[in-house]
Amino acid sequence: MTPTTGSPTDIGPLTLRPLDPLKDAELLHGWVTHPKAAYWMMQDATLVDVERAYMETAADEHHHALLGLHRGTPAFLMEYYDPAHRELVGLYEPRPGDIGMHFLVAPTDRPVHGFTRAVITAVMAHLFEDPSVRRVVVEPDVSNTAVHALNEAVGFVPEREIVKPEKKALLSFCTREQFAAATGVAA
C-alpha cells in the first residue's frame, strides 16, 4: 500500500503489509489478548491459537489479513473478507462490490489523539483503492459504542441488528460516496 498521508490529525504515514502468521503471531497474541481487545473475542487465545487462526486466514481465498505500520512500527491489524462467503453468510443479501472489514489498533501506554480515526480512514481508503469495491460492510458488537462512533465518522450507516453465533451485531454499510463525504478522502 502506498503510504497514507494527511490523516485527520496528521499523525504521519500509515502503511500496510501482508501479515505473516508465524512471524507476526507473537506480536498479534499480545494485541488480541489485551483487555482493550475484548471485542476481538480472543482473550483466552494461546500463541498457538493465534498462529493457527491467522494461518487459516492466510490459506483462505475469501479472508485476508494485513499488518498496519505507523512510521514503520506495527500499530494495527486489518482484516477484510468476502461477506458472500465469510462472516455474514445468510445474515444479509450481499451485493456485487461488497467487502467486509475488521480492524484492531494495538494497545499502547501512549495513546495519540486521533490515531484510531486515522487508522480506520486509512483502512477504508485502502479498501476503496480496489475499483471493484463499492461498499464496505461491518458487523461490530452492538455494545461497542466507541467503534460505532468511529464508523459513523468515516461514513458508515447502520442498517439493523443481526444475531451472529458469537455476538449480537450492528450491520452497517459505507459506500465510496459516503466515505468521501464524511472524510474528504477521495475514494
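Per chain, residues are indexed from 1 in the order of the written sequence. For this predicted model, a pLDDT threshold of at least 70 governs which residues receive local features, and a threshold of 80 or more governs which side-chain atom pairs are given and counted, while totals over whole chains, interfaces and linings are taken from all residues. Based on all heavy atoms of the structure, the side-chain values leave hydrogens and waters out of the count.

A. Local environment of the confidence of the model for the chain. Per-residue confidence from the predictor is reported as pLDDT, a score between 0 and 100. Summing up the model confidence of the chain, the mean pLDDT is 91 and the portion of residues at 70 or higher is 95%. Note on definitions: a residue-residue contact is assigned when non-hydrogen atoms from the two residues lie within 4.5 Å. This stretch, residues 1-9, has a pLDDT under 50; its non-local contacts, to residues over four places away or in other chains, come to 21 contacts.

B. Expanded view of the pattern of salt bridges. Take a side-chain nitrogen of Lys or Arg and a carboxyl oxygen of Asp or Glu: if they are within 4 Å of each other, that pair is a salt bridge. Throughout the structure, instances matching the rule amount to 10 salt bridges. The salt bridge partner of Lys168 is Glu161, with a shortest N-O separation of 3.3 Å. Throughout, exposure labels follow a simple rule: accessible area from a 1.4 Å probe, protein chains only, divided by the maximum for the residue type, with under 20% read as buried, over 50% as exposed, and the rest as partly exposed. The exposure class assigned to Glu161 is partly exposed, which follows from its relative accessible area of 46%. Close ionic contact of Glu166 with Lys164 constitutes a salt bridge, the shortest N to O distance being 3.0 Å. On the accessibility criterion, Glu166 (38% relative accessible area) is partly exposed. We classify Lys164 as buried; its relative accessible area is 5%. Each member of the salt-bridge network shares a partner with another, and the members are Glu87, Glu139, Lys164, Glu166 and Lys167.

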